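For reference, the chains in residue letters:
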Amino acid sequence: MIDRRSVLLSSLALAACGNTEAAPVADATPLKSIAPFPIGVAAMSGHFDEPAWVNLALTHVSQLTPEWEMKMEYILSETGDYRWEAPDRIADFCTAHELRLYCTTLIWYSQDSAFFRSLDPPRFRREYDRYIAEVAGRYRGRATGWDVVNEAVAEDGDGLRSCLWSDVLGQEGYIVRAFEQAKLADPDAVLFLNDYNLENNPVKGATFLRLVERLLKAGVPVGGIGTQSHLDIEIPAGRTRAFFHEAAQFGLPIHVSELDASLRSDSRIDTRSPRQKIDQQTARVAELTEAFVALPAAQRFAFTVWGLRDTDSWLRGGTRDDGKDSPLLFDAAGRPNPMYRAVMAGLRGD
Ligand code: G3I
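Residues numbered from 1 in each chain as written. Predicted model: local features only at pLDDT ≥ 70, side-chain atom pairs only at ≥ 80, totals over all residues. Heavy atoms only, no water.

1. What about the overall build of the protein?
Within the protein, the secondary structure is distributed over 13 helices and 8 strands. Seen through its C-alpha atoms, the protein measures out along the principal axes to roughly 65 × 40 × 40 Å. Evaluated residue by residue, the protein yields a buried proportion of 56% over its 350 residues. Counting contacts in the protein only where the partners sit at least 6 residues apart, residues at least 24 apart contribute 75% of the total. Within the structure as shown, the protein displays about 14300 Å² of accessible surface, and the carbon and sulfur contribution to it stands at 51%. Each charge class in the protein can be summarised by its mean position, and for the 38 positive and 49 negative side chains these summaries are 2 Å apart. (Helix = DSSP H or I, 4+ residues; strand = E, 2+ residues; numbered from the N terminus. Buried < 20%, exposed > 50% of the residue type's maximum accessible area, 1.4 Å probe, protein only. Contact = heavy atoms within 4.5 Å. Areas by Shrake-Rupley, 256 points an atom, 1.4 Å probe, with all protein chains shown as cover. Lys, Arg positive; Asp, Glu negative; His and termini not counted. Charge placed at Lys NZ, Arg CZ, Asp CG, Glu CD.)

2. Some words on the site of the ligand
By nearness alone, 14 residues border the ligand, and Glu 67, Lys 71, Glu 73, Gln 228 and Glu 258 come closest of all. Between the ligand and Lys 71, the relevant distance is 2.4 Å, taken from an oxygen atom to a side-chain nitrogen or oxygen of the residue. Between the ligand and Gln 111, the relevant distance is 3.2 Å, taken from an oxygen atom to a side-chain nitrogen or oxygen of the residue. Surface burial for the ligand is 53%, taken as the share of its 790 Å² of free accessible area covered by protein chains. Its residues placed into classes, the shell around the ligand shows 5 nonpolar, 4 polar and 5 charged. (Near = heavy atom within 4 Å. Polar contact = N/O pair within 3.5 Å; in protein donor to acceptor, adjacent residues only side chain to side chain. Nonpolar A, V, L, I, M, F, W, Y, C, P; charged D, E, K, R; others polar.)

3. Brief notes about the environment of Asp 270
Mapping Asp 270 onto the fold places it in the loop between β7 (254-259) and α12 (274-293). Remark: the alpha-carbon pair of Asp 270 and Phe 244, spanning 26 residues in sequence, is separated by 29 Å. The residues touching Asp 270, leaving out its near neighbours within four places in the chain, are Leu 263, Ser 265 and Lys 277. A polar atom in the side chain of Asp 270 sits 2.8 Å from the side chain of Arg 272. Engagement of the side chain of Asp 270 in a polar contact is seen with the side chain of Lys 277, the distance being 3.3 Å.

4. Focus: the sheet that holds strand β6 (residues 224-227)
Strand order in the closed barrel made by the 8 strands is β1-β2-β3-β4-β5-β6-β7-β8, with parallel pairing throughout. When strand polarity is set aside, the average angle formed by the axes of neighbouring strands in this sheet is 25°. Pairing of strand β1 (residues 39-43) with strand β2 (residues 63-66) involves 4 bridges; the strand directions are parallel. The partner of Ala 43 across the bridge, within β2, is Pro 66. Strand contacts of helix α5 (residues 85-96): β1, β2 and β3 (100-108), with the helix running at about 155° to β3, the strand carrying the most contacts. Relative to strand β5 (residues 190-195), helix α10 (residues 202-217) is tilted by about 150°, and along the sheet it contacts β5 and β6. (Pairing = 2+ DSSP bridges. Axes fitted to C-alpha atoms, helices over the stretch in contact; angles between N-to-C directions.)

5. A closer look at the packing of aromatic side chains
Each aromatic ring pair is specified by the distance between its two centres and by the angle formed by the two planes. Counted by the stated rule, this structure contains 20 aromatic pairs. Centroid distance Tyr 102 to Phe 192: 5.6 Å. Interplanar angle 80°. Geometry classified as edge-to-face. Here Tyr 102, found in strand β3, pairs with Phe 192, found in strand β5; they are 90 residues apart in sequence, far enough to count as distant. The two residues Tyr 102 and Phe 192 agree in class, both being buried. Through a chain of ring-to-ring contacts, three or more aromatic side chains come together here, namely Phe 115, Phe 116, Phe 124, Tyr 128 and Trp 165. Over the ring of Tyr 196 we find Lys 204, and its NZ or CZ is 3.4 Å from the ring centre. (Phe/Tyr/Trp six-rings, centres within 6.5 Å; stacked < 30°, edge-to-face > 60°. Lys NZ or Arg CZ within 6 Å of the ring centre and 35° of its normal.)

6. As for the pattern of salt bridges
In total, this model carries 21 salt bridges according to the counting rule given. The residue Glu 134 makes a salt bridge to Arg 130 at a minimum N-O spacing of 3.6 Å. Taken together, the residues Glu 134 and Arg 130, both in helix α7 (residues 121-138) and 4 residues apart, mark about one turn of the helix. Looking at Glu 134, the relative accessible area reads 33%, which means it is partly exposed. For Arg 130, a relative accessible area of 35% translates into the label partly exposed. With its nearest N and O atoms 3.4 Å apart, the salt bridge here joins Lys 204 to Asp 195. The exposure class of Lys 204 is buried, given its relative accessible area of 0%. Asp 195 gets classed as buried once you look at its relative accessible area, which sits at 1%. In this structure, a network of salt bridges that share partners links the residues Arg 123, Glu 127, Arg 130 and Glu 134. (Salt bridge = Lys/Arg side-chain N within 4 Å of Asp/Glu carboxyl O.)

Next up, the structure:
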């Protein structure tokens, strides 16, 4: 039996491939009006100068995540000075438009600042604690949550990453310290451990969840699980649902924190037709949305996409970009992509 959702998603695939006679012209119902939990989007302060972006974002989302301007790369200079213009502007925009502010990230292996590399261990520990206190403390009362530690698990899922933070403070010591300091700085924010490829790579997902379990058993104030969900659309059906089932066992809030779903296949000759790519993308995104919707209400923290329009994506514009990737909900002109309709179908339980 062909269910309604398959017909809808297939006709969207036809539309995306230029064959539009079968594609229903669906209005772009505001996502936040359908979702019983916050819908978020990554934002840069420069977006606020674009009326088209502001209008589309305020129509569909109820939460913003600074895409990079609340990270160490922006805030901390090589001499240890802090700058706040852009993150403050994003926080103020959220306040002005009654949006939730979700913050990323306090400690990340890939951003360790030349300033920290210049410090002896005692000063390193003091400055580590100070950075977390200054940054998380500044947005206390406005930040709904933080990615306290980002991407702690090794790329292949075999153990944890080594980084400057682990070199000085210990393999898990830096993680424990970061959560403890963040809790002191903002006791009311939900404190997340965030990582990627948790659905795509079951080994990495399992390693991540074992880390969560160890931290919780040690009394570390981990308050939430962040799965970035940069989906590999070629993974088998059911893999995403399986991860959410395992992640839900801790009873913690879960944040789909950085959803995008590239159509590109970088590492091999891509024999898929445009329609096959869209079919894969809409099927995997619908599965992710349904898995999130199926969580208990208390565990549905937020559902965040890592950019609004395809041209806002980190996946566009780089050397690998062919100008054709469509990894987000809306096209460059703000029109709904098949991925938007896959999310909507998942939200509606179609
Ligand atoms: O806008 C400035 C520009 O004015 C300046 O000339 C240029 C060179 O310094 O930098 C530009 O800012 C860049 C910014 O993206 C906007 O394009 C930063 O250098 C660059 O580091 C930043 O990259 C971000 C990256 O994280 C590192 O922070 C990406 O936007 C962002 O999409 C990406 O997001 C990560 C998540 O945090 C973690 N998960 C993976 C995800 C994708 O890599």
